Amino acid sequence: MSAAVAEKVDDDLWSAVGDPIRRRILDLLLIEGDGTATALSQQLPVTRQAVAKHLGVLDRVGLVRATPAGREKRYRVDDAQLARAVAQLSSVGSVWDARLQRIKRIAEAIQRTQQD
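Residues numbered from 1 in each chain as written. Predicted model: local features only at pLDDT ≥ 70, side-chain atom pairs only at ≥ 80, totals over all residues. Heavy atoms only, no water.

### Regarding the packing of helix 2 (residues 20–32) against helix 4 (residues 48–60)
Here is step 1: Running from N to C, helix 2 and helix 4 point in directions that differ by 80°, and their axes come no closer than 10 Å. The pairing of helix 2 with helix 4 is recorded here as roughly perpendicular in orientation. Facing helix 2, whose interface residues are Ile21, Arg22, Ile25, Leu26 and Leu29, helix 4 presents Val51, His54, Leu55, Val57 and Leu58. (Axes fitted to C-alpha atoms, helices over the stretch in contact; angles between N-to-C directions. Helix = DSSP H or I, 4+ residues; strand = E, 2+ residues; numbered from the N terminus. Parallel < 35°, antiparallel > 145°, perpendicular 65-115°, else oblique. Contact = heavy atoms within 4.5 Å.)

### A few points about the pairing of strand 1 (residues 64–69)
Here is step 1: Of the pairings in the sheet, the one linking strand 1 to strand 2 (residues 72–77) comprises six bridges and is antiparallel in character. Following the sheet pairing, arginine 65 is matched in strand 2 by arginine 76.
Here is step 2: If you look at the hairpin formed by strand 1 and strand 2, you'll find two residues sitting between the two strands, and glycine 70 has a positive phi there, around 70°. (Pairing = 2+ DSSP bridges.)

### So, the pattern of salt bridges
Here is step 1: Here the structure, examined in full by the defined rule, presents six salt bridges.
Here is step 2: Where aspartate 34 meets arginine 74, a salt bridge forms, and the shortest distance between an N and an O atom there is 3.1 Å. In this pair, aspartate 34 sits in the loop between helix 2 and helix 3 (37–41) while arginine 74 sits in strand 2, placing the two residues 40 residues apart along the sequence.
Here is step 3: For aspartate 34, a relative accessible area of 22% translates into the label partly exposed.
Here is step 4: In this structure, the salt-bridge partner of lysine 104 is glutamate 108, at a minimum N-O distance of 4.0 Å. Taken together, the positions of lysine 104 and glutamate 108, both in helix 5 (residues 79–115) and four residues apart, correspond to about one turn of that helix.
Here is step 5: With relative accessibility at 45%, the residue lysine 104 sits in the partly exposed group.
Here is step 6: Glutamate 108 gets classed as partly exposed once you look at its relative accessible area, which sits at 32%. (Salt bridge = Lys/Arg side-chain N within 4 Å of Asp/Glu carboxyl O. Buried < 20%, exposed > 50% of the residue type's maximum accessible area, 1.4 Å probe, protein only.)

### What to know about the confidence of the model for the chain
Here is step 1: Averaged over the chain, the pLDDT score is 87; the fraction of residues at 70 or greater is 91%.
Here is step 2: Ignoring residues within four places in sequence, the model shows residues 1–9, a span with pLDDT below 50, making two contacts including any to other chains. (pLDDT = per-residue confidence, 0-100.)

### As for the nonpolar core
Here is step 1: Counting 21 residues, the largest nonpolar core has Ile25, Leu29, Leu40, Leu55 and Leu63 as the members making the most contacts within it.
Here is step 2: Elements represented by at least two residues in this core include exactly helix 1 (3–18), helix 2, helix 3, helix 4 and strand 2.
Here is step 3: Ranked by residues supplied to this core, first place goes to helix 2 with five residues.
Here is step 4: In this view, leucine 40 contacts Ile25, Leu28, Leu29, Gly35, Val51 and Leu55; residues no more than four positions away in its chain are not counted. (Core = buried A, V, L, I, M, F, W, Y, C linked by side-chain atoms within 4.5 Å.)

Dropping the structure here:
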């Protein structure tokens, strides 16, 4: 996978989980095991159509999988993809923690030289 493709995957993932409604949808699916756009919309402050669009975004990044169920689709969290996403997000968090520690050390060094 090229760096450009990896970057796009990261952007799509961050965008997908960056929305509070999509995070709540993931929470509900994890709690309930699965659900339809109709059932999920009854627990959220948005319409069924909005939930369906959010589920489409989560499906495109692989966080949920749809199975036909009559006139609707039932959605489940893809456990393997969620684990990969958590690892990826944790990795990004670790990188930023290290960067912030370096910035802190630089700022402290500057402060010490200004006090001398």
